[in-house]
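# Topology and contacts: notes
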Amino acid sequence: MIRKTNDEQNSVDRQRFPADPWRLVETQYSADDLGVTETLFAVANGYLGMRGNVEEGRDSFAHGTFVNGFHETWPIRHAEEAYGFAKVGQTIVNLPDAKVIRLYVDDEPLLLPVADLIEYERALDMRDGILRRELLWRTPSGKRVRIRSERMVSFVERHLAVMTFEVTLLDAAAPVAISSQVLNRQDGQDEYHVRAASLGEGFDPRKAERFNERVLQPQTRWGDDERVVMAYRCTNSGMTVAVAADDRIETENEWDVRTQVDEDLAKHVFRVKAEPNRPIRLTKTVAYHTSRGVPSRELVDRCRRTLDRVTDRGVAACHADQRAWLDDFWARSDVEIGGRPEIQQAVRWNLFQLAQATARAEGNGVPAKGLTGSGYGGHYFWDTEGYVLPFLTYTSPRYARNALRFRYQMLDAARKRAGELSQRGALFPWRTINGEEASAYYAAGTAQYHIDADISYALAQYLRATGDADFLRKEAVDILVETARMWEDLGFWRVNGDDKFHIHGVTGPDEYTTVVNDNLFTNVMARFNLRAAALVVEHMRSEYPQDHARMVDRLGLEESEVTEWRRAAERMAIPYAEGIGIYPQDSHFLERELWDLARTPADKRPLLLHYHPLVIYRYQVLKQADVVLALFLQGQHFTPEEKLANFEYYDPLTTGDSTLSGVVQSIIAAEVGYHELALEYFLSALFVDLANLHANASDGVHVASAGGTWSALVCGFGGMRDHDGELAFDPRLPQGWESLTYRITWNGSRLRVTVRPDVLELEAETGDGATVSVRGSEVRVAAGEVVRVVLDGQGPVKAGRPGLRALSGNRRDDGTLITATVPHS
């Protein structure tokens, strides 16, 4: 499947994976890339996720059934301890697997790697959220068997998964056995005591930790001829889980069933005397319930209630509910690209992944891999606020509110963490599941204080787009106040110096440059955070005086604090290199020499897997966009000329080792005129999983990159900006594209935006309409109205891409020469 290229025609094997605007289709089975396809064909709803493992359970790269937030803890053992280091690690747990449905015909098992498959198709339909597979199998004795299966994780019933498995003999009678199982595999091996393929790889810090001891301790098990129940408790975290599965068979053939329930295996084995053309249809409904400490017997009762409802309503009703839910999702979220079927398929797959990662995440965050794999241990990062929340805010505001409320629920833990780092206010953990910092490497983890500003930025963006005053008054203001307190306390004033507010000893988004002074991104975003907090407090004082009084009492807020926030924001240190004409990424960034990426061997990428961090830290080289991200998020504070100069400087230094980079580079490249480069970066992000461009799609979907593709389409090519409460459009449609259509939900109205080479079309599909800006001119779109604005081109156009040679030879402000080299390896 993998062809490492950015061309949308060649990045995916189109014979095996044909273009289809609404389905991801596989027409040929292969065991060569199981890890990738297990990720691509996963089904999830934000609470429950199931990797795309085959029903038969063998072979696999990594089996996976996950519940958001369900984790085990373990002590972090540092080689050298220091005060304030993270103490307890957290890792998502692989739950008992209910996907397993084994088939035997004439006592011969169906094993896809060795099966004689006459026909094969597997397809994930993004219109109804169902993974379907159809096989025509010729058994060793020459009998043809038709197998059809379906798998769905419900968006409507949060705890529910529904599977069907249908077997039809086409030629002759034969004994058939179907073994439907719930199997608890301990991490590291499958039920045949074979190490998972995912464990056979070398060092990679992006992978989840593995446990050597038993994780899930049996609590309860029970079963009859239709239902089996199993419950467990995590050894260290104390979290509990229950799973229950109903199996019902429909057939005109004679059959019986045997039930087995052990500590780690529960199964129904249906033995059928199958006749030709008499289908055997198994319907399997499964419920998962978890808790931070509720006794397992209570969770078992919840599972029973979930399954009883399905029994009463029927599986067909569940499928209909799923389709209706997705019809509504696509009505407000779809992005349409005219005349580009390969891109259209990939865009919808990425948007569908966002739904699968967020829709029912209620009460939890959004894991970096969603629920499609165990990469990054199931942790939540700033990725959510930086890359996923914009999509949710502008298409599904309720889901954005849920995600932001989750951060509010972590606020006490963030206050405690700030205290551990000798700061006032609140400091949110860099990576976490339960609210405690889980990053053992502080330089590229805890030091990324900018997460406070990222959360505050996403929160303010949500408030602007929705006008949610209730959330503002009761919860959001607490986050803004406590994060502003942290910034004001973290920064300092130079006594008898430059009268600037400085922030030292932090790491920006670029993890190849750590623990620096006055990181541009951090300072710019902290400035926003301080201003936003002051504005909200003032707004509440004038508009909601009673809520303001309660907030002041609740938080012990003094007016002098607000005054100091404003002063710090106005005098924030923003370093600028006059001679080169750019904003240095930090105060000492330009003192380093350039890393010559063009001369770095391909087998030494990504750099983090081949060079010690200290080697990387000595160079001007970026893991991901840093200053360029600031140009996007706070674009109103930079001139077009500054954006161009900074993009041209930092683009050749950016490795793309992080999937968070391409989408941001695409947006700014489009804005400043590098249209072809913008499209190249966009496609690299769009196909990062579908074409496995980073060779780690087997660990799960890159959810932040998926969110970023929406921003690249809407903010990059679609030209949408939301600065200071004004919704504005200045599109950059790629050459050769017929059209781009997307939707924006703005203060209760849904706008349909269509960009063509010569016109921008705005339609208020729902609500009262909106007043927007198109290239500086005010445009009113009334309810039900379609407004067309003629476009004079698609902005500035620059050919090629910025090169490193233009940077090497620059002189620093002190007159020294900047050179480019590659370190010895």
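Quick summary incoming for the structure in this document. (Residues numbered from 1 in each chain as written. Predicted model: local features only at pLDDT ≥ 70, side-chain atom pairs only at ≥ 80, totals over all residues. Heavy atoms only, no water.)

### A word on helix α17 (residues 675–686)
In an α-helix, one turn spans 3.6 residues; hence positions three or four apart end up facing the same way. What counts is decided by this rule: By definition, any uninterrupted DSSP run of H or I lasting at least four residues is a helix, any uninterrupted run of E lasting at least two residues is a strand, and each is numbered from the N terminus. For a helix, the expected span equals 1.5 Å multiplied by the residue count minus one. Any two residues whose heavy atoms approach within 4.5 Å are treated as being in contact.
In a regular helix each residue adds 1.5 Å, so twelve residues correspond to 16 Å; α17 covers 16 Å between its end C-alpha atoms and thus fits that length. Among the structural elements, α4 (341–358), α15 (640–650), α16 (662–672) and α18 (703–717) are those in contact with the buried residues of α17.

### Section: the environment of R360
Which entries qualify depends on this criterion: Summary of the burial criterion: residues with accessible area below 20% of their type's maximum are buried, those above 50% are exposed, and those between are partly exposed, where the area comes from a 1.4 Å probe applied to protein chains only. Side-chain atoms alone can form a polar contact between residues adjacent in sequence; in general such a contact is a pair of N or O atoms within 3.5 Å, and within protein one must be able to donate a hydrogen while the other accepts it.
Take R360: it is sitting in the loop between α4 and α5 (383–395). For R360, a relative accessible area of 17% puts it in the buried group. Counting along the chain gives 103 residues from R360 to V257, while the straight-line C-alpha distance between them is 35 Å. Ignoring sequence-local partners within four residues, the contact set of R360 consists of N45, G46, Y47, F155, V156, E157 and R158. Within polar-contact distance, the side chain of R360 engages the backbone oxygen of V156 at 2.9 Å. A polar atom in the side chain of R360 sits 2.5 Å from the side chain of E362.

### Some thoughts on a negative patch on the surface
Worth spelling out the cut-off: The residues that make up patches have over 30% relative accessible area and no salt bridge, and they are joined within 9 Å when like-charged or within 5 Å when they are Val, Leu, Ile, Met, Phe, Trp or Tyr. Calculation of accessible area relied on Shrake-Rupley with a 1.4 Å probe; when residues are assessed, cover is drawn exclusively from the protein chains displayed. We count a salt bridge whenever a side-chain nitrogen from Lys or Arg sits within 4 Å of a carboxyl oxygen from Asp or Glu. Counting rule applied: Lys, Arg positive; Asp, Glu negative; His and chain ends not counted. Every charge is mapped to an atom, namely NZ of Lys, CZ of Arg, CG of Asp or CD of Glu.
On the surface, E578, E591, D813 and D814 cluster together into a negatively charged patch. Its place among the elements puts D814 in the loop between β32 (786–790) and β33 (820–821). D814 gets classed as exposed once you look at its relative accessible area, which sits at 59%.

### Re the environment of F521
Looking at the element boundaries, F521 is found in helix α10 (residues 520–543). F521 gets classed as buried once you look at its relative accessible area, which sits at 0%. Excluding its chain neighbours within four sequence positions, the residues that come into contact with F521 are H450, D454, P509, D626, L629, A630 and L633.

### Here's the deal with the nonpolar core
What counts is decided by this rule: Side-chain atoms within 4.5 Å link the members of a nonpolar core, which is a set of buried Ala, Val, Leu, Ile, Met, Phe, Trp, Tyr and Cys residues.
Core analysis: the largest hydrophobic core is formed by 204 residues, its most contacted members being W565, Y649, F682 and L740. Take this core: its biggest share by element is 13 residues, from α10. Ignoring anything within four residues of it in the chain, the contact list for F682 reads I343, V347, S666, T709, A712, L713, F717 and W737. Of all hydrophobic cores here, the second largest spans 29 residues; its members include I147, F165, I249 and V272.

### What to know about helix α3 (residues 315–333)
Its 19 residues place the ends of α3 27 Å apart at the C-alpha level, agreeing with the 27 Å of an ideal helix rising 1.5 Å per residue. Buried within α3 we find V315, A317, C318, H319, Q322, W325, L326, F329, W330, R332 and S333.

### Quick notes on the sheet that holds strand β27 (residues 740–746)
Which entries qualify depends on this criterion: Note on pairing: two strands pair once DSSP finds at least 2 bridges between them.
The strand order across the open sheet formed by five strands is β20-β27-β28-β29-β32, and the pairing between neighbours is antiparallel. The two strands at the open ends of the sheet, each matched to only one other strand, are β20 (336–337) and β32. In this sheet, strand β29 (residues 759–766) lies alongside strand β28 (residues 749–756) in antiparallel orientation, the contact comprising seven bridges. Its bridge partner being in β29, V755 is matched across the sheet by L760.

### Some details on the side chain of R133
With respect to the element layout, R133 can be found in strand β10 (residues 130–138). Apart from residues no more than four positions distant in its own chain, R133 is found in contact with V54, E55, E56, L112, Y120, E121, R122, I147, R148, S149 and F165.

### Side note on the pairing of β10
The pairing of strand β9 (residues 116–125) with β10 spans nine bridges and is antiparallel. Bridging from a neighbouring strand, L124 pairs with L131 of β10. Linking two consecutive strands that pair antiparallel, namely β9 and β10, is a turn of four residues; a positive phi of about 70 degrees is found at G129 within it. Here eight bridges tie β10 to strand β11 (residues 144–153), and the two strands are oriented antiparallel to one another. Residue pairing across strands places R133 opposite S149, the latter belonging to β11.

### What about the packing of α16 against α18?
Formally: Helix axes are fitted only over the stretch in contact, all axes being lines through C-alpha atoms; the angle between N-to-C directions runs from 0 to 180 degrees. Angle categories: roughly parallel below 35 degrees, roughly antiparallel above 145, roughly perpendicular from 65 to 115, and oblique for all the rest. Under the grouping applied here, Gly and all other residues not named as nonpolar or charged are polar, the nonpolar ones being Ala, Val, Leu, Ile, Met, Phe, Trp, Tyr, Cys and Pro and the charged ones Asp, Glu, Lys and Arg.
The contact between α16 and α18 brings their axes to 8 Å, and the two run at 5 degrees. The angle between the axes of α16 and α18 places the two elements in the roughly parallel class. Here V663, S666, I667 and A670 of α16 lie close against α18, whose contacting residues are S705, G708, T709, S711, A712, C715, G716 and F717. For the contact of α16 with α18, a count of residues per class yields six nonpolar, six polar and no charged.

### With respect to the packing of α5 against α18
When two helices pack together, their arrangement is given by the angle between the helix axes and the distance between those axes. Short version of the rule: Crossing handedness follows the turn of the near helix against the far one: under a right angle anticlockwise gives a left-handed crossing, and clockwise gives a right-handed one.
Between α5 and α18, the shortest axis-to-axis distance is 8 Å and the interhelical angle comes to 50 degrees. Taken as axis vectors, α5 and α18 run oblique relative to one another. Here the hand of the crossing between α5 and α18 comes out left-handed. Contact residues: D383, Y387, V388, P390, F391, Y394 and T395 in α5; V703, A704, G707, G708, W710 and S711 in α18.

### Some remarks on the sheet that holds strand β3 (residues 48–50)
Sheet strands associate in pairs through backbone hydrogen bonding, adopting either a parallel or an antiparallel arrangement. Ordered by their spatial adjacency, three strands build an open sheet running β2-β3-β4, and the pairing between neighbours is antiparallel. Only two strands of the sheet have a single neighbouring strand rather than two, namely β2 (43–44) and β4 (65–67). Pairing of β2 with β3, which is carried by two bridges, proceeds in the antiparallel orientation. Among the inter-strand pairings, V43 is bridged to a residue of β3, identified as M50.

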